[in-house]
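Read off the chains here:
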Amino acid sequence: MANSAIYQIRGGLFPDEGVPPAYWPASGDLKVEKLSARYSLDGPRVLHDISFEVRSGERVGIVGRTGSGKSSLTLALLQCIITEGKVYYDGIPIDRINLDALRSSITLIPQVPELLSGTLRQNVDPFQQYDDATLNDALRSAGLFSLQSNTIGGRVTLDTPIASGGTNLSVGQRQILALARAIVRQSKLLILDEATSAIDYATDAVIQASLRQELDKGVTLLTVAHRLQTIMDADKVMVLDAGRIVEFGKPSELLKDEKGTLRALVDKSDDKETLYAMASHVG
Ligand SMILES: Nc1ncnc2c1ncn2[C@@H]1O[C@H](COP(=O)(O)OP(=O)(O)OP(=O)(O)O)[C@@H](O)[C@H]1O
């Protein structure tokens, strides 16, 4: 990869210990090699030799039954649990990057993002690093201003108060705020844990449109999916089982395998026809 070459030329050292160069990450390329993970030193492995590659701008859906390792994989990518193996983000091995820098350059959007009590501004820019124009642009790109915001009341601005935990916002609005945070920080890797609680159609449409815009800018999106509809039109789907990748590829290709796991999941779904149609529309 081009960037790895640059680091090798420079002797493989960052100017400051673990602090990546300002231009990193320039792409959302992700390469994972033999990643294993456990929650404690004497605990069992919950991920086993996971290897895969995702190109900048790709959208990957992660599916698997409960306990298959979906959340553990996202935590491993953020180095929140004990890992072995290698993960390269934009060409740099993430174990060479200090944790603050790593975690501020990958955005995890949880199912129900927790917000701080304070203002919208404090939630999107907790360390007061950005000017109003940047923050407003991010909120606009994320789609917050396009939503009628009955829950918040009145016109939404950076000074709009947020109740403790974000309880005056819907789950969808909270995810949109988390997305705005990702846009402000220029994260090139977004991990979305799909909200399982109902998000209304308008809010979901805003989230999907904002995500598409980010993908067009080269952001890589990993979606932990709880509904197959969310990811059947993804570029690739990863199926996890007992901490291992059992399938990884284009949904339409995976569906051709009569004994395949994704196919079995789709075949027993009530929306089988819709799901096949979605998969067949991916280029
Ligand atoms: N905090 C934890 N400490 C120890 N083991 C854990 C912890 N969280 C999860 N595990 C174990 O890791 C394995 C993978 O669980 P994980 O939560 O990653 O699965 P998942 O696919 O995200 O499940 P779900 O769909 O229910 O969220 C399971 O065996 C689980 O028991």
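The name an unreviewed UniProt entry gives the protein chain is P-loop containing nucleoside triphosphate hydrolase protein, with Rhodofomes roseus as the organism.

Taken together, six strands build an open sheet; the order of strands is E6-E9-E10-E3-E11-E12 and the sheet is mixed. For this open sheet the edge positions go to strand E6 (106–109) and strand E12 (244–249), each flanked by a neighbour on one side alone. Neighbour-to-neighbour, the strand axes of this sheet turn through a mean angle of 20 degrees, independent of strand direction. Direction of pairing for strand E9 (residues 189–193) relative to strand E10 (residues 220–224): parallel, over a ladder of five bridges.

Here the focus is the pairing of E9. Across the five residues of E9, five count as buried, placing the element largely inside the fold. With burial as the criterion, each face of E9 is covered, one bearing Leu-189, Ile-191 and Asp-193 and the other bearing Leu-190 and Leu-192. Here four bridges tie E6 to E9, and the two strands are oriented parallel to one another. Bridging across to E9, Ile-109 finds its partner in Leu-192. The β-α-β motif built from E9, the intervening helix H7 (residues 201–216) and the parallel element E10 has right-handed crossover chirality.

Below, the discussion takes up the nonpolar core. By size, the foremost hydrophobic cluster in this structure holds 30 residues, and its most contacted members are Leu-30, Leu-73 and Leu-222. With sequence-adjacent residues up to four places away left out, Leu-30 is seen in contact with Phe-52, Glu-53, Val-54, Leu-77, Val-87, Tyr-88, Tyr-89, Leu-189 and Leu-222. One finds Ala-142, Leu-169, Leu-215 and Val-219 within the second-largest nonpolar core, a separate group that totals 29 residues.

A few words now on unusual backbone geometry. Here Trp-24 and Pro-25 are connected by a cis peptide whose omega angle stands at -5 degrees. When you line up the elements, Pro-25 lands in the loop between helix H1 (2–9) and strand E1 (30–38).

Turning to the packing of aromatic side chains, a few remarks are in order. The final tally for this structure, using the stated rule, is two aromatic pairs. A ring pair is formed by Trp-24 and Tyr-89, whose centres lie 5.1 Å apart and whose planes are at 70 degrees; its orientation type is edge-to-face. Taken together, the residues Trp-24 in the loop between H1 and E1 and Tyr-89 in strand E4 (residues 82–89) connect sequence positions 65 residues apart. Classification of Tyr-89 as buried rests on a relative accessible area of 0%. Residues Phe-52 and Phe-248 carry aromatic rings whose centres are separated by 5.8 Å and whose planes lie at 65 degrees to one another, so their mutual orientation is edge-to-face.

Attention now moves to the environment of Glu-84. Following the sequence through the fold, Glu-84 ends up in strand E4. Among the residues examined, Glu-84 registers a relative accessible area of 36% and is labelled partly exposed. Taking the C-alpha atoms as reference, Glu-84 lies 10.0 Å from Asp-95; in sequence the two are 11 residues apart. Apart from residues lying up to four places away in sequence, Glu-84 is in contact with Lys-34, Leu-35, Ser-36, Arg-38 and Arg-45. A polar contact is formed between the side chain of Glu-84 and the side chain of Arg-45, at a distance of 3.0 Å.

A few words on the packing of helix H5 (residues 132–142) against helix H6 (residues 171–184). H6 packs onto H5 with a crossing angle of 130 degrees between their chain directions and a minimal axis gap of 8 Å. On the basis of their axis angle, the class for H5 and H6 is oblique. Between H5 and H6 lies a crossing whose hand is right-handed. Contact residues: H5 offers Leu-135, Ala-138, Leu-139, Ser-141 and Ala-142, while H6 offers Ile-176, Leu-177, Leu-179, Ala-180, Ile-183 and Val-184. Grouping the constituent residues of the contact of H5 with H6 by class yields 10 nonpolar, one polar and no charged.

Rules behind the numbers
Residues numbered from 1 in each chain as written. Predicted model: local features only at pLDDT ≥ 70, side-chain atom pairs only at ≥ 80, totals over all residues. Heavy atoms only, no water. Pairing = 2+ DSSP bridges. Helix = DSSP H or I, 4+ residues; strand = E, 2+ residues; numbered from the N terminus. Axes fitted to C-alpha atoms, helices over the stretch in contact; angles between N-to-C directions. Buried < 20%, exposed > 50% of the residue type's maximum accessible area, 1.4 Å probe, protein only. Right-handed = clockwise from strand over helix to strand, strands pointing away. Core = buried A, V, L, I, M, F, W, Y, C linked by side-chain atoms within 4.5 Å. Contact = heavy atoms within 4.5 Å. Phe/Tyr/Trp six-rings, centres within 6.5 Å; stacked < 30°, edge-to-face > 60°. Polar contact = N/O pair within 3.5 Å; in protein donor to acceptor, adjacent residues only side chain to side chain. Parallel < 35°, antiparallel > 145°, perpendicular 65-115°, else oblique. Left-handed = near helix turned anticlockwise from the far one by under 90°. Nonpolar A, V, L, I, M, F, W, Y, C, P; charged D, E, K, R; others polar.

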